[in-house]
Amino acid sequence: MALLEVKDLRVESEDGTEIVRGASLTVDEGEIVDLIGPNGSGKSTLAKTIVGCSGYEVVEGEVRFKGRDITDLPMYERARMGLTMSWQEPARFEGLTVGEYLSVCTDDEDWARRCLRIVGLDPEEYWDRECGENLSGGERKRVELAAVMAMRPDLVILDEPDAGLDMSSMEDLAKVIETMREEGSAVLLITHNRDLAEQVGDRAYLMMDGKIVDEGDPKDVVLKCLMCGGGLVCGAE
Ligand code: ADP
Ligand code: MG
Ligand code: MG
């Protein structure tokens, strides 16, 4: 049984626009799976639907997690089951310190501090910093990655963790994602970064125009994506 199973999913936005037009995919326990495809193909919408964000309506198909149909489950219940996501645009938490934010994700402060170190932030320097405007976009992205790592979810969806990240090389981000796996998380990785997709992915899916159109070895799917004008980049941006 797959950890996550998305079956023939069709999703509309509130105004009735069909965005996901037939998507099926699976993620197994401990697996790292890439989801690539051109901008506007529906990757973020698919991800938000899987974690249960409001504003989208499933008009066909289902989402199964740990064998259970979660299509109609509220987001917090999916989170409780071990399903979480990091956002393409990380949230700002004015008035909350990094340490307070991470303490919502885990009771284990030593582990939370280790997570900060793994994403390249010195806990001594960042624990008491405020989580809002005074952090750069790249720093907030790192805090967000540390937060989802700290939760040790069974499945985490990372929506373009490389976008706007000031990590000098994709090696660092690859290490972060591998650590999530070592800590027991399966990962669905949405990225435009070819090196990252090829380096960490066990398998890959290609999404185009609302549909999953290919699945296989990341190198093959990356090539297919490039042939279809899939807007991939190499290395650090
Ligand atoms: P991707 O993440 O692959 O870039 P998105 O899922 O963000 O793609 O968007 C897919 C398409 O759906 C885009 O054309 C986008 O403008 C549209 N879209 C996304 N969210 C909404 C929404 N809430 N209402 C209407 N259209 C939307
Ligand atoms: Mg995009
Ligand atoms: Mg997106």
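See the structure above.
Rules used throughout
Residues numbered from 1 in each chain as written. Chains lettered and ligands numbered in written order. Predicted model: local features only at pLDDT ≥ 70, side-chain atom pairs only at ≥ 80, totals over all residues. Heavy atoms only, no water. Buried < 20%, exposed > 50% of the residue type's maximum accessible area, 1.4 Å probe, protein only. Helix = DSSP H or I, 4+ residues; strand = E, 2+ residues; numbered from the N terminus. Arc of directions from axis to C-beta. Contact = heavy atoms within 4.5 Å. Pairing = 2+ DSSP bridges. Axes fitted to C-alpha atoms, helices over the stretch in contact; angles between N-to-C directions. Near = heavy atom within 4 Å. Polar contact = N/O pair within 3.5 Å; in protein donor to acceptor, adjacent residues only side chain to side chain. Areas by Shrake-Rupley, 256 points an atom, 1.4 Å probe, with all protein chains shown as cover. Disulfide = S-S within 2.5 Å.

Undergrad: Before we move on, can you summarise helix α3 (residues 98-105) with the specific residues and values?
TA: In an α-helix, one turn spans 3.6 residues; hence positions three or four apart end up facing the same way. Restricting attention to buried positions, one finds in α3 the residues Val98, Gly99, Tyr101, Leu102 and Cys105. The buried residues of α3 occupy an angular sector of 160° when projected down its axis, which confines them to one face. Contacts made by the buried residues of α3 are with β7 (93-97), α4 (109-118), α5 (123-126), β8 (130-131) and α6 (137-151).

Undergrad: Requested: an account of the sheet that holds strand β2 (residues 18-27), with residues and values cited.
TA: Two orientations exist for strands paired in a sheet by backbone hydrogen bonds: parallel and antiparallel. Taken together, 4 strands build an open sheet; the order of strands is β2-β1-β4-β5 and the sheet is antiparallel. Both edges of this open sheet fall to β2 and β5 (68-69), since each of them pairs with a single strand only. Here 8 bridges tie strand β1 (residues 4-13) to strand β4 (residues 56-65), and the two strands are oriented antiparallel to one another. Among the inter-strand pairings, arginine 10 is bridged to a residue of β4, identified as glutamate 60. Sheet strands in contact with helix α1 (residues 43-51) are β1, β2 and β4, and its direction is about 110° off that of β1.

Undergrad: Mind laying out the site of ligand 1, listing which residues take part and the relevant values?
TA: For ligand 1, the full set of nearby residues is Ser13, Ile19, Pro38, Asn39, Gly40, Ser41, Gly42, Lys43, Ser44, Thr45 and Tyr56. Glycine 40 is positioned with one of its backbone polar atoms (N or O) 2.7 Å from an oxygen atom of ligand 1. With the chains in place, 61% of the 560 Å² that ligand 1 exposes on its own is no longer accessible. With 3 residues, the single largest contributor to the shell around ligand 1 is α1.

Undergrad: Quick one: what's the story with helix α9 (residues 218-227), residue by residue and with numbers?
TA: Of the residues making up α9, those classed as buried are Pro218, Val221, Val222 and Cys225. Projected onto a plane normal to the axis of α9, the buried residues spread over an arc of 105° and lie on a single side. In this structure, α9 carries Asp220 and Met227 as exposed residues pointing more than 90 degrees from its buried face. Contacts made by the buried residues of α9 are with β3 (32-36), α8 (194-200), β11 (203-208) and β12 (211-216). The N-cap residue of α9 is aspartate 217: its side-chain oxygen and the backbone nitrogen of lysine 219 are 3.1 Å apart. Following α9 by one or two positions, glycine 229 adopts a phi angle in the positive range, close to 70°.

Undergrad: Which residues make up the state of the cysteines, and what values do they have?
TA: Counted according to the given criterion, the structure contains 0 disulfides. The cysteine cysteine 225 is free of any disulfide, with cysteine 228 supplying the nearest cysteine sulfur at 7.0 Å. The exposure class of cysteine 225 is buried, given its relative accessible area of 0%.

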